[in-house]
Structure formats: structure tokens, C-alpha cells
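# An overview of the molecular structure
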Amino acid sequence: MGRQFGDTVAFAWPARECGGALVGPGVLVMLRLIARRLAIGVLVAFTVMTLAFLLTRLSGDLAISIAGPSATQADVEIVRKAYGLDRPLYVQFFAWTGRAMVGDFGQSYFFKDSVANLIQKRLPITLTLGLVGLSLALVISIPLGILAALRENTWIDRSVTLFTMVGQAVPSFWLALILMIVLGLQLGVLPISGTGTWQHFVMPGIVLAFTAIPALTRLTRSGMIEAMASDYIRTARAKGLSRARIIFKHALRNAAIPVVSIAAVQLGFMLGGSIVIETVFALHGVGYLGWESIAKNDFPVVQAVVLVLAVFYIGLTLLADILNALLDPRLRTG
Amino acid sequence: MSEPIAIQAPQPSSTGSSRIGTAGFAIGIAIVGLVVVAAVIGNALVPQDPFIQDLGNRLKPPFWMEGSQAGHLLGTDQLGRDYLARLVYGARISLLIGIMTVITSGVIGITLGVLGGFFGGRVDDVVLFAITTRLSIPVVLVALAVVGLMGSGLGLVVATLGLLLWDRFAVVARATTMQVRNHDYVSAAWCAGASTSHILIKEILPNIASHLAVVATLEMALAILLEAALSFLGLGVPPPLPSWGLMIAEGKDYMFFSPWVIMIPGVALAVLVLGINLVGDGLRNLLGAERLR
């Protein structure tokens, strides 16, 4: 029984003790692995698509919601016809999925623009935010994790653990407000909300980073501890290599594997979770678009945003799996 | 050939061992215990009513600041309602949501995970597919959409979060069931002619329960944070119920002049979640459950 598709990076990670050289028929095995993961990814995306469609039909009669509270029966009927909601549900579903496959998500009810256009305009902002957040998170959590691992069971280690636990407990939207008060109002160094300049990404980036720092720090720490206790490190020590060389060349390289792949998955989670942060900071990304559309009953946009965020997550986990297989030949057997 | 099963077995190493130690566990229990007491009998102890407005007494500061009033220990909100009474009532909402969500998501996740882990093969493929699909769904967005479409309310928030947060239960239940499945006592039960359901419920479940208890604390903390976020965005617990997230949202407009209106519920949230996580960490060490995520 080999590793299966679901055994992605979300599961327990083993210590890795052998080198990174490609072995034997690795390329072919790799291609097969990628093909299978890709097929499953497509299947997952289709399932999410179905769920997203059903989600927007939860409210019962869409036409009534769109027409608004003051609409008459006749108005509702006009809306029903105009939006094609009088067709059977399965016809609507296949019409939507068929067009969504080629990137046509229909028209927004509220913005008077095509949904694809709207998302295309907002996506760079969310991606920028995600990358800023992830970079900040890595820059903070990797050194912290290494430090804690090298000083295992000292007060330094405990402080780092405490820091990650507190980081996990603080609600992101609340941290956002605190930063607004301190950095925005009291120190006046950063803009409080909006999308205009690069400064607008600093505070949201910090807050988003905080959602990933606890997990990444702990992962780095445990990876480093396992690596430092392994045989090849003992060998390296016996050879008389310098401590710095052992830590950064040998131990970190092995400890970094799960961190790299989890980072890709984290980015997927961060893109999905940025809705709260984008809303607090009025950063006009995809998450904010999703929130606006929910508030305005703009169903085509909601469906599309759910799908787009899911597809990003699926793509990033696929990337994580491939990275893993590339970095760790033992996982390449599929 | 490499041996994938060996790779997957969690190693007993120092990585999962105590770091904060028993002191952390004790602190966690104390925090959670305090919040539970506040939630259960708090509003009987606080003389003020959490819903009665007093527009002449808006935004009075808490006792440690100048201008505070003797009758309002933690001050009043933008409508003159007593902040301590609302905070204590909010504890009830947070705990209720946390517990109910854990029960709902636990039932779903544990069922799926145990079935997948026990039967393997096609069943496991389906379970893994469900987990993968669930993980790719953006939780906050979908939860917001459901509440936005169906109207806000406590029950709906619990149902939504319960249907969305079962993934970790399933992952851990599946992995631990796979480990337990091949133990001698399971084989013994088979040989004794026990039914599958008997084995699942009487043999497997008790032996993976400690792992699931740890997951339950994590999920409870997550559910409480998510409810706060939903309420903060206006699509969670409806006003005038004093959810801590909603209190932060309502205080947001006044936070630059009266920062304590968001400090108090925010700190309460963070402390409760920290407490629950400390309990989870302590349980993990106590029960010797390996870290699975």
C-alpha cells in the first residue's frame, strides 16, 4: 500500500535522512504521480463547482432575492426570465459549468461587468497580499523555529512556543484593528485602509503572516530537532564539520522540505482566509469582492470567487506535492 | 523499493513532547474553568442587564480609567449597555458555539475517518476525496455566503461551521484507526465473532479517543475564532446578542477614541482561545497522543 493522493502535506511528515539525488526511473514515476494528482485535482475542482452552484440556490428563490424586497410579483417574473432562472435546475447547472470551464462566469448583477473581468482586476491584489504575507511569515518563522530547536527546552524554546500559541489565539481581525490604532493613528506611519500604494499592503501583510507563523514555526522547530538528532548529523559532527555548517548545510536542508511544501499549502489557505483581512482594511481584492457580493446577493460573483479560491488551493497543493517529490526521492514511488 | 508505511508511522520523538509543561495545562484549565463559570452563573452575579440601553451613559470607560462609573465595572458600550454584563453573556455564546460545532463536526469527521481508516480501499479513497475537497473550500467565504443567504442566527452558524470543520477530525481518526486496526485485540474480537459495528464502536473508538480529544480542543478554538470573525463581518450571531466578535464590530467606529471598547472583547477572545489550546496541549502530553498535524 503506497501513499495515496490524499496523503498530502497535511499529514504527518517523516524525517528525511537520505540525500537529494534523483534515483533510477524517477522521472517516469514523477510524471505518473503528477498526472494522477492532476486528475484528482480536476475532479475536486468539479465537485467544488457543484457545491458552489448548490450553495447559491440555498436561499430558495433566487429571483425574489435579486428583485429585492419592494418588487411586485410581475417584477420577480421578469427577473426570473431575464436571468434564466425559469429553466430547470440541471439546465442552469450545465449552462453555468459549461461556460465556467472556458472562463466565462456570466455577468455580475450588481457591478454591471462580466464576473471574469471583475476577478481579473481584483486577483493581483489578493495574490500580492498573499505573497507579502507568506514571505513575512517565512522570514519570521524559519529563524524562530531554528532558534527554538537549537535551544530545545530552554527558556528561549518556551518563549517561542508561547509566542506561537498566543499568535494562534489572537483573532486576525482584532490584530488588524490594533495595528490600525498603533501604526495608523498613534505612530501615523501607515495608511489605515484602502488599496492605493505599497504601504497599503504592509499592515494586511503582517496580519496575514500571523495566521501562518504559528504552524510554520512549529514545523521548522520539530523538523530541525529531528534532523539534529539523526545519524547523518552525528556523522557530520564526527567528521569535525563546523557547527554553522552542520546546522545550515545539513540539518536545515532536510528540515526545510516539509516547510517548503506546507508553505505552498499555507498560501492556499491564506488566499482563502484573506477575505476577513481584506474586508477590515478595505483592500479591494478577491476576498473583498466576495464579501461585497454576498452582501449584495450577487450570486454569479460569489460562485466564481469560491471556485477561483478553491482552484488556487488545489493548484498550490499540487505544487506542494510535486515539490515534495522533487526534494524527497523516497516519496517519488507514488 | 522504499517502504511507505514505515515513512508514515509517527515517530515517538521529542517533537510532540511537553514544551509549556504542566504549568501551561493548569493555566489552561483555570482559564477555561473561569470562562465556563462566567458563562453559567455570570449574569446572575452581574447586577446589570446586558440588553438595557442607557443613551445618557454611552461609552463610559472601565474602572482603571478616569471618568469611570461605579456601577459599570468595565464601562458601557455605544448604546450605554453595561460592558461586563455583555462580556459575560458573550462567553456563553462563544462556548455554546464552540461545543456545538465540535459535536457536529466530530460526528461527521470521526465517522468518515474511522470508516476510511478501517475499511481502506475504495471506502478510503472516497473519504480521502471528501477530505481533499473539503480542504479546498474556502471556509470563511462559504460560511459567510450561507449565513448571508439564509439569514443570521446561532443555530445556522453552528450548522455551517459544523459542516465545514470536520476535516481534522477525519484526518486524525483515519490515521489512528489505521494504526489501531491491526492490533491484537481487534483480531481477537474478529475471532470471537464480533460484528463490524461492535469492533468499530467498542474496540476502535475507545482506543483512538485520546487523539480525538486533542483534535476537539483545536476545533473548538477554531470554531470560536471563526464565529467571532463571522459576527465581526456582520454575518454571524445577530444583534443585539453580545457575541464577542459582534462587540468588536460595534466598537470599531469608536476605537480611535475609546480603544478599550475593542480591547476588552478582543483580549477575552484571545485568552479563551489560548486557554483551550493550552488544555489541548496538556491533554496531548498527558495522553501521549502523537502530533498528527
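Reading the values: the criteria
Residues numbered from 1 in each chain as written. Chains lettered and ligands numbered in written order. Predicted model: local features only at pLDDT ≥ 70, side-chain atom pairs only at ≥ 80, totals over all residues. Helix = DSSP H or I, 4+ residues; strand = E, 2+ residues; numbered from the N terminus. Buried ≥ 20, exposed ≤ 12 C-beta atoms within 10 Å, placed from the backbone. Contact = placed C-beta atoms within 7 Å. Core = buried A, V, L, I, M, F, W, Y, C linked by C-beta atoms within 7 Å. Expected span 1.5 Å × (residues − 1). pLDDT = per-residue confidence, 0-100. Axes fitted to C-alpha atoms, helices over the stretch in contact; angles between N-to-C directions. Parallel < 35°, antiparallel > 145°, perpendicular 65-115°, else oblique. Left-handed = near helix turned anticlockwise from the far one by under 90°.

The subject of this paragraph is the overall build of chain A. Counting its secondary structure elements, chain A contains twelve helices and zero strands. Start at the N end of chain A and walk to the C end: the helices and strands fall as α-α-α-α-α-α-α-α-α-α-α-α. Counting only residues that meet the buried cut, chain A has 46% of its 334 residues in that class.

On to the overall build of chain B, then. For chain B, the count of helices and strands is eleven helices and zero strands. Taken from the N to the C terminus, the helices and strands of chain B come in the order α-α-α-α-α-α-α-α-α-α-α. Considered along the principal axes of its C-alpha atoms, chain B spans approximately 75 × 45 × 35 Å. Within chain B, counting contacts between residues at least 6 apart in sequence, those at least 24 apart form 71% of the total.

Glancing now at the environment of Val44(A). Looking at the element boundaries, Val44(A) is found in helix H1 (residues 26–56). A residue is classified by how many C-beta atoms lie within 10 Å of it, and Val44(A), with 24 of them, is buried. For the pair Val44(A) and Val115(A), spaced 71 residues apart in the sequence, the C-alpha separation amounts to 22 Å. Contact partners of Val44(A), with chain neighbours within four places excluded, come to Ile314(A), Thr132(B), Thr133(B) and Ser136(B).

The biggest cluster of nonpolar side chains holds 178 residues, and the ones touching the most others in it are Ala176(A), Val305(A), Ala143(B) and Leu144(B). Excluding residues within four positions of it along the chain, Ala176(A) makes contact with Met203(A), Val207(A), Ile277(A), Val280(A) and Phe281(A).

To continue, consider helix H7 (residues 167–181) of chain B. A rise of 1.5 Å per residue sets the reference length of H7(B), with its 15 residues, at 21 Å; its end C-alpha atoms lie 21 Å apart and thus fit the reference within 8%. Burial runs high along H7(B): 13 of the 15 residues are buried.

On to the environment of Ala100(A), then. Mapping Ala100(A) onto the fold places it in helix H4 (residues 89–101). Note: C-alpha distance between Ala100(A) and Met49(A) (51 residues apart in sequence) is 9.1 Å.

With that settled, the discussion passes to helix H11 (residues 260–287) of chain B. Relative to the 40 Å expected for 28 residues at 1.5 Å per residue, H11(B) spans 40 Å between its end C-alpha atoms, a close match to the ideal helical length. Burial within H11(B) is extensive, with 21 of its 28 residues counted as buried.

Residues apart from glycine generally show negative phi values, whereas peptide bonds are mostly found in trans. A cis geometry characterises the amide bond from Pro239(B) onward to Pro240(B), with omega recorded as 10°. In this structure, Asn153(A) takes a positive phi of about 65° despite not being glycine. By secondary structure assignment, the location of Asn153(A) is in the loop between helix H5 (115–150) and helix H6 (155–169). The class of Asn153(A) is partly exposed, set by 13 C-beta atoms lying within 10 Å. The phi angle at Ala282(A) is positive, at roughly 50°, despite the residue not being glycine.

Looking now at the confidence of the model for chain A. All names here are of chain A. Per-chain confidence: chain A averages 80 in pLDDT, with 88% of residues scoring 70 or above. Per-residue pLDDT, averaged within each element of chain A, yields its smallest value for helix H2 (residues 62–67) (70) and its largest for H5 (90). Predicted confidence is poor over residues 1–24, with pLDDT under 50, and the contacts of this stretch with residues over four places away or in other chains come to 48 contacts.

Residue and element names in this part refer to chain A. Direction vectors running N to C along H5 and H6 enclose 140°, while the axes themselves pass 7 Å from each other. Between H5 and H6, the interaxial angle falls into the category oblique. Pair H5 / H6 crosses with left-handed handedness. Listed contacts from H6 to Leu144, Leu147 and Ala148 of H5 are Ile156, Asp157, Val160 and Thr161.

Time to look at the confidence of the model for chain B. One rule of thumb: low pLDDT means the predicted coordinates there are not for detailed reading. Residue and element names in this part refer to chain B. Looking at chain B, pLDDT values average 82 and 91% of them are 70 or higher. Note on residues 1–18: pLDDT under 50 across the span, and 25 contacts to partners over four residues away in sequence or across chains. Note that residues 289–293 has pLDDT below 50 and, in this model, 17 contacts with residues that lie over four places away or in other chains. Across the assembled chains, the prediction reports ipTM 0.83 with pTM 0.85.

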